[in-house]
Amino acid sequence: MTKTIDAVQDQFETFQILSEDGEVVNESAMPNLSDEDLQELMRRMVYTRIWDQRAISLNRQGRLGFYAPLAGQEASMLGTHYALDKEDWILPGYRDIPQMVFHGFPLTQAFLWSRGHFQGGQIPEGVNVLMPQIIIGAQIIQAAGVGFGLKKQGKNNVCITYTGDGGASQGDFYEGLNFAGAYRANTIFVVQNNRFAISVPVEKQSAAKTIAQKAVAAGIEGIQVDGMDVLAVYAATQQARERAVSGEGPTLIETLTYRYGPHTMAGDDPTRYRTKDLDNEWEKKDPLVRFRKFLEKKNLWSEEQENKVVEEAKEDIKAAIKKADGAPKQKVTDLIGFMFENLPFNLREQLEEYTAKESK
């Protein structure tokens, strides 16, 4: 039995294209991206890093509500998203706000969602995203259903969903993979393995050597990717998408990545469960540093270009938070009114009560 397990685990070697020094180590796997595409990937990662820094500051100022830092995971998030089509669907977890915004969800609404404001959940027409799922792993089952629906409709599109390594320990994870595999749904499951489910190390969550190998039991494709290598992440996702739209079924992608900050800004202290040596080890793999070195060797990126993106991000964030500040104050009657088209008697009573209170 041990030999069987080892044989399965050994199939899932980490897929990589760029070394930590930005050197191409897998030329045959290089995706067909133009110079403009490469620059846009870097622009989005730099933009997101600045956004993350500003969001943390805004949270500390009391101007944002719930926020999950994402520095270190930019390649995993944006590399997967860049391989998508505008008509594809995204079912995010609570850390996956950048994918939503680059898919068309307004940054102002992302800030309102963080505050718990109802306008943060009003997705614009034509933006194929669902609201970030707070319940760990719940989006996995939903994504299996959306992907199956796309297949039934004959769409050449996919549904992609994200969770962390902790989400792969949930029952929903296995149910979603199993359903999607059985019905060959147009779904891509991304597990961003940042090594810790809040404070629990991945080694204590599962006896499996990789999360990617869990695809075997569901009868679907699985791949483990260097999640700090944006080109490898993009290439793996592009291939998974092509498989799905050609009727070959879903794929499980495990991206090996690392969040440099806390799990969320709600009191988590990563120094209690992570060592400085581990932090230093992963900082050497920083996705922005790695890709910057690659682009600079090709004369495709400069300090001037980066500074321009930094200023653009700062201005966008400043404008978006100002607009969010101008949103109407949320009232209890708003929440009651949005719950049903036809209110049941008990909510009608409450609506009348709070309407009277708010009119004073």
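So, here's what we can say about the structure. (Residues numbered from 1 in each chain as written. Predicted model: local features only at pLDDT ≥ 70, side-chain atom pairs only at ≥ 80, totals over all residues. Heavy atoms only, no water.)

### Thoughts on the overall build of the protein chain
What counts, and what does not: Numbering goes from the N terminus for both helices and strands, where a helix is a DSSP run of H or I of at least four residues and a strand is a run of E of at least two. With C-alpha atoms as the basis for the radius of gyration, the globule rule is written as 2.2 Å multiplied by the number of residues raised to the power 0.38. Exposure categories follow from relative accessible area, calculated using a 1.4 Å probe and restricted to protein chains: below 20% of the type maximum is buried, above 50% is exposed, and the middle band is partly exposed. Whether two residues are in contact is decided by their heavy atoms: any pair within 4.5 Å suffices. Where accessible areas are quoted, they stem from the Shrake-Rupley method and a 1.4 Å probe; at the residue level, only the protein chains shown are allowed to cover. Asp and Glu count as negative and Lys and Arg as positive, but His and the ends of the chain are not part of the count. Every charge is mapped to an atom, namely NZ of Lys, CZ of Arg, CG of Asp or CD of Glu.
Scanning the protein chain from N- to C-terminus turns up 14 helices and 7 strands. Over its C-alpha trace the protein chain gives a radius of gyration of 21 Å, about what one expects of a compact globule, namely 21 Å for 360 residues. Considered along the principal axes of its C-alpha atoms, the protein chain spans approximately 70 × 50 × 45 Å. Going through the 360 residues of the protein chain one by one, you find that 52% of them count as buried. Long-range contacts, defined here as pairs at least 24 residues apart, represent 75% of the contacts in the protein chain between residues at least 6 apart. When the accessible surface of the protein chain is summed, it comes to about 17,200 Å², and 49% of that surface belongs to carbon and sulfur atoms. Separation of charge centres in the protein chain, based on 41 positive and 50 negative side chains, amounts to 4 Å.

### Regarding helix α6 (residues 138-152)
Just so we agree on the cut-off: Between the first and last residue of a helix there are one fewer steps than residues, each counted as 1.5 Å, and that sum is the expected span.
With 15 residues, α6 should reach 21 Å at 1.5 Å per residue; the first-to-last C-alpha distance of 22 Å fits that figure. The complete set of buried residues in α6 reads A138, Q139, I140, A143, A144, G147 and L150. Against β1 (89-91), β2 (159-164), α7 (171-182) and β3 (187-193) lie the buried residues of α6. At the exit of α6 stands G154, carrying a positive phi of roughly 75°.

### A word on helix α11 (residues 287-297)
Selection criterion: Counting of polar contacts relies on pairs of N or O atoms within 3.5 Å, with two restrictions inside protein: one atom must be capable of donating a hydrogen and the other of accepting it, and residues adjacent in sequence are counted only when both atoms are side-chain atoms.
Within α11, burial applies to P287, L288, R290, F291, R292, F294 and L295. Of the surrounding secondary structure, the elements contacted by the buried residues of α11 are α2 (35-60), α3 (74-82), β6 (221-226), α9 (230-245) and α12 (303-325). Its side-chain oxygen 2.8 Å from the backbone nitrogen of L288, D286 forms the N-cap of α11. At the exit of α11 stands N299, carrying a positive phi of roughly 55°.

### Regarding the nonpolar core
Operational definition: Residues belong to one nonpolar core when they are buried, are Ala, Val, Leu, Ile, Met, Phe, Trp, Tyr or Cys, and are joined through side-chain atoms within 4.5 Å.
In terms of nonpolar packing, the biggest core is built from 71 residues, with W51, L107, F111, L231 and F291 touching the most fellow members. For this core, the element with the highest residue contribution is α2, accounting for 11 residues. Residues within four places of L107 in sequence aside, it is in contact with Y47, W51, V101, D316, I317 and A320.

### Description of the packing of aromatic side chains
Counted only if it meets this: In this analysis, rings of Phe, Tyr and Trp, with Trp reduced to its six-membered ring, are considered paired at centre separations within 6.5 Å, and the interplanar angle assigns stacked below 30 degrees, edge-to-face beyond 60, and tilted for intermediate values.
Inspection of every chain in the model, using the stated rule, returns 13 aromatic pairs. Between the aromatic rings of Y82 and Y234, the centroid separation amounts to 6.1 Å while the plane-to-plane angle is 55°, which identifies the pairing as tilted. With a gap of 152 residues between them, Y82 in helix α3 and Y234 in helix α9 connect regions that are remote in the sequence. Ring centres 5.4 Å apart and planes at 50° place the aromatic pair F196 and Y273 in the tilted group. Of this pair, F196 sits in strand β4 (residues 196-197) while Y273 is found in the loop between β7 (251-256) and α10 (276-283), placing the two residues 77 residues apart along the sequence. Residue classification places Y273 among the buried residues on the basis of a relative accessible area of 18%.

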